[in-house]
Amino acid sequence: MEWHVTDAHSLSSIDKEIGGFLALTQSPENASKNESHHFSPAEYEIIRRVIYATGDFEYKSIVEFSDRALQASAAALASRSTVVVDDSKVQAGIAQSVQNTFANPVYCAVEAQTRPQQGKTRAAWGMETLVKRYPEGIFVVGQAPTALITLMELIEAEKIRPVLIIATPPQFIDIDGIKKNLKEFSIPNITIKSRKGGATVAAAILDGLIDLAWEAYG
């Protein structure tokens, strides 16, 4: 992401507000250690990107990272793994970062050329088509829960092996069950434990991951 001075001021304000909130809620023993938050530096960078994109500080407590999610994402992006997203808003949100860094191929499910199929949404059918072409890619579902369900079905059938999944659809779906299955299959993932979410959240997460990977490998 290309930063402007106003972005820096906004991120600084986020840092101050999060630090102030956590200082009020910390136990005395933690406060004495002067710990501002429990996130790793990379996790915190992703979280504040999401807060900056949404203006919602609740994301500081609902974004979840699996084991190896950040390491896996950096390695995959640096090796120019294909990125498959469910929605054009996600694709647009990361276009500049991708172009300015690793130039990973990015494909969008709702824009995939597929034949019509009854019983499936456009996002689900497009996701199925693309993941079969790129079974070891990075998959991002920011908007369409049907695309995430399709993705999980293919993982459970052991037809694909993603290197990373980002799942933030703002719907009433069994996200806990999905996270359990991802853990069982050892798929690195970043999710949210809330009804909130959306393409903006997914794009912010992926944009932050690209920048972090570029710092490490670029």
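Please refer to the structure placed before this passage.
Reference entry: report on the structure contained in this document. Only a predicted model underlies this, so the values are computations on that prediction, with no experimental measurement involved. (Residues numbered from 1 in each chain as written. Predicted model: local features only at pLDDT ≥ 70, side-chain atom pairs only at ≥ 80, totals over all residues. Heavy atoms only, no water.)

**Points about the nonpolar core**
Consideration 1: Ranked by size, the top nonpolar core spans 67 residues in total, and within it Val140, Leu151, Ile155 and Leu209 carry the most contacts.
Consideration 2: Tallying contributions element by element places helix α9 (residues 199-217) first for this core, with 10 residues.
Consideration 3: Those residues within four positions of Leu151 in sequence are excluded, and the remaining contacts are Val131, Phe139, Val141, Ile160 and Ile165. (Core = buried A, V, L, I, M, F, W, Y, C linked by side-chain atoms within 4.5 Å. Buried < 20%, exposed > 50% of the residue type's maximum accessible area, 1.4 Å probe, protein only. Helix = DSSP H or I, 4+ residues; strand = E, 2+ residues; numbered from the N terminus. Contact = heavy atoms within 4.5 Å.)

**Examining helix α3 (residues 41-54)**
Consideration 1: The end-to-end C-alpha distance of α3 is 20 Å, a good match for the 20 Å that 14 residues give at a rise of 1.5 Å each.
Consideration 2: Three or more residues of α3 are buried, namely Tyr44, Glu45, Ile46, Ile47, Arg48, Arg49, Val50 and Ile51. (Expected span 1.5 Å × (residues − 1).)

**Section: the sheet that holds strand β6 (residues 189-192)**
Consideration 1: Taken in spatial order, the 6 strands of this open sheet run β1-β6-β5-β4-β2-β3, and their pairing is mixed. The open sheet has two free edges, formed respectively by β1 (63-65) and β3 (106-108), since each of these has just one partner strand. The average undirected angle you get between the axes of adjacent strands in this sheet is 15°.
Consideration 2: In the sheet, β1 pairs with β6 via 3 bridges, with the strands oriented antiparallel. Among the inter-strand pairings, Glu64 is bridged to a residue of β6, identified as Thr191.
Consideration 3: Docked against the sheet, helix α5 (residues 88-100) engages β2 (83-85), β3 and β4 (138-141), running at close to 165° with respect to β3. (Pairing = 2+ DSSP bridges. Axes fitted to C-alpha atoms, helices over the stretch in contact; angles between N-to-C directions.)

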